[in-house]
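Secondary and tertiary structure notes
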Amino acid sequence: MTITVKFFASLRERVGIDERRIDAGGVSTAGEAWSAVAGAEPLAETVLIAVNHGYARADTPVRDGDEVAFFPPVTGG
Amino acid sequence: MTITVKFFASLRERVGIDERRIDAGGVSTAGEAWSAVAGAEPLAETVLIAVNHGYARADTPVRDGDEVAFFPPVTGG
Amino acid sequence: MHVEIREQPFDPWRELVAYQASALDGSADYGATAAFVGTMRDFNEGDTVRAMRLEHYPGMTEKHLEGIVREAVEEHGLREVLVLHRVGRMAPGEPIVLVAVWSGHRAEAFRACRAIMEDLKSKAPFWKKEDLETDSRWVERNTAG
Amino acid sequence: MHVEIREQPFDPWRELVAYQASALDGSADYGATAAFVGTMRDFNEGDTVRAMRLEHYPGMTEKHLEGIVREAVEEHGLREVLVLHRVGRMAPGEPIVLVAVWSGHRAEAFRACRAIMEDLKSKAPFWKKEDLETDSRWVERNTAG
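Nothing here was measured: the structure is a model prediction, and the numbers come from that model.

So, on to the overall build of chain C. Broken down by element type, chain C carries 3 helices and 10 strands. Taking 2.2 N^0.38 as the reference for a compact globule, 145 residues should give roughly 15 Å; the C-alpha atoms of chain C span a radius of gyration of 16 Å, in line with that estimate. If you take every contact in chain C between residues at least 6 apart in sequence, the share linking residues at least 24 apart comes to 75%. Counting every atom, chain C has about 6100 Å² of accessible surface; 46% of that belongs to carbon and sulfur. The positive charge centre, built from 19 side chains, and the negative charge centre, built from 25, are 2 Å apart in chain C.

In this section: the arrangement of the chains. Contact analysis covers 3 pairs of chains in contact, and the most contacts occur between chains C and D. With respect to C-alpha atoms, chain A approaches chain B no nearer than 29 Å, and the pair has no contact. Chain A makes no contact with chain D; the smallest distance between any of their C-alpha atoms is 10 Å.

Superposing chain D onto chain C takes a rotation of 180 degrees combined with a translation of 0.0 Å along the rotation axis, leaving an RMSD of 0.0 Å. Given the turn and translation reported, the copies of this chain are related as if by a two-fold rotation axis. Relative to the rotation axis, the closest C-alpha in chain D is found at Ala35(D), a distance of 2.6 Å.

Phi is positive for His53(A), which is not a glycine, with a value near 75 degrees. Mapped onto the elements, His53(A) comes out in the loop between β3 (48-51) and β4 (54-56). Among the residues examined, His53(A) registers a relative accessible area of 23% and is labelled partly exposed. One non-glycine residue with positive phi stands out, namely Ala9(B), at about 55 degrees. With respect to the helices and strands, the residue Ala9(B) is situated in helix α1 (residues 9-15). In this structure Ala9(B) comes out as buried when scored by relative accessible area, which is 0%.

Ranked by size, the top nonpolar core spans 66 residues in total, and within it Val101(C) and Val101(D) carry the most contacts. Ignoring anything within four residues of it in the chain, the contact list for Val101(C) reads Ala32(C), Thr33(C), Ala34(C), Leu78(C), Glu80(C), Val81(C), Ala109(C), Ala112(C), Cys113(C) and Ile116(C).

Our next topic: the interface of chain D and chain B. Contacts between chain D and chain B engage 27 residues on the former and 20 residues on the latter. Between chain D and chain B, a total of about 1900 Å² is buried, with carbon and sulfur atoms accounting for 57% of that surface. For chain D, the biggest contributors to the area lost against chain B are Tyr57(D), Met60(D) and Trp127(D); these three give 36% of the whole. Taken together, the connections running from chain D to chain B amount to 2 salt bridges. Ionic pairing is found between Arg12(B) and Glu55(D), a salt bridge with its closest N-O pair at 2.3 Å.

Analysis parameters
Residues numbered from 1 in each chain as written. Chains lettered and ligands numbered in written order. Predicted model: local features only at pLDDT ≥ 70, side-chain atom pairs only at ≥ 80, totals over all residues. Heavy atoms only, no water. Helix = DSSP H or I, 4+ residues; strand = E, 2+ residues; numbered from the N terminus. Rg over C-alpha atoms; globule rule 2.2 N^0.38 Å. Contact = heavy atoms within 4.5 Å. Areas by Shrake-Rupley, 256 points an atom, 1.4 Å probe, with all protein chains shown as cover. Lys, Arg positive; Asp, Glu negative; His and termini not counted. Charge placed at Lys NZ, Arg CZ, Asp CG, Glu CD. Least-squares fit on C-alpha atoms with pLDDT ≥ 70 in both. Buried < 20%, exposed > 50% of the residue type's maximum accessible area, 1.4 Å probe, protein only. Core = buried A, V, L, I, M, F, W, Y, C linked by side-chain atoms within 4.5 Å. Buried area = accessible area lost by both parts, 1.4 Å probe. Salt bridge = Lys/Arg side-chain N within 4 Å of Asp/Glu carboxyl O.

Limitation: the analysis is restricted to geometry and does not speak to function.
The structure is reproduced here in structure tokens:
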């Protein structure tokens, strides 16, 4: 009954967390997964969200077994 | 006192001439150079014209020593 | 179609030639190949850059790139596509990305190669951190295409 | 900048690598390379093509290509350009043309590579004659880019 939460790049450094597993109970959206790990730190507009490797939004539903990721604007290529 | 007239590709085959030197006397434009070599064959709208390796028109002036070329639409690349 | 993340330096032109030989050898049914290579520069936003670290999101990055390539193949009717992207620590002058596209005619090849690059730069999960003379910084945003 | 007409088959990617090594070796001041290769196909307008002869206008062709390249360098601020074009008799699968462009950023590289190809196809004096199964024909017009 867990959800995996990941942070990348500058956001990982700021939050100070690489990856954490949280209890899926009481967490029903990606935004709630953020709050469960990042606490009082607000989820900025510029933060990108992915659920199970696909782009998502703060109100995208999440459930047991899902992987939720938060990261800054991408800069590849 | 000559002008060199060249034909390329399908136009060379149709006119039956590769290159010919003509007397510059009485030839003052590219179009007149065409007539001097191709005779009665009309200079079609689709024929491209170059004078001294630069694109030109039928009324472009030519003079002694110039090279005038006639060719069909280009198909390189 | 092939998409790959590389942790070691690669020669993009050698990779292109090898892929073409394996995926298109002997065929004369494509008339156009368009390729783009992005190379790490030693200068950015007024500063000398000594090195760079490229981070990605293993799993999502590959999945996203495969989706971009699949879409481009369908939209532009491509014959083949090769995408390679470097991650990890790298030095100026080293290739970061290769996008190569094979198609019947040039219009699709140009359009698809550029479309794949634009999508890759704006959506594929990669992040660059530059080492400057004395400190390091995350690149905050890609320039528009 | 280099423009060349070739009477013998050439490997465009090997040429690109060699030119980059000689003209840009050691520099890390370019971030983008865009390249296009046109290859002879074995099929055109519904017919099997066995061979092709590419004619050009010696002198004017080189001069025109050099003009195209010079314009592109000025307009797009390019770092380097290489253009090779085949002439003479050739077989399906053989490269016809290579256009490679090096620049600071990708937008100029893509735009310039395409602009050079479009100008080359619409204005540089080359003509193709195709050998079909039983006869031969001049290609009358290039397709739009």
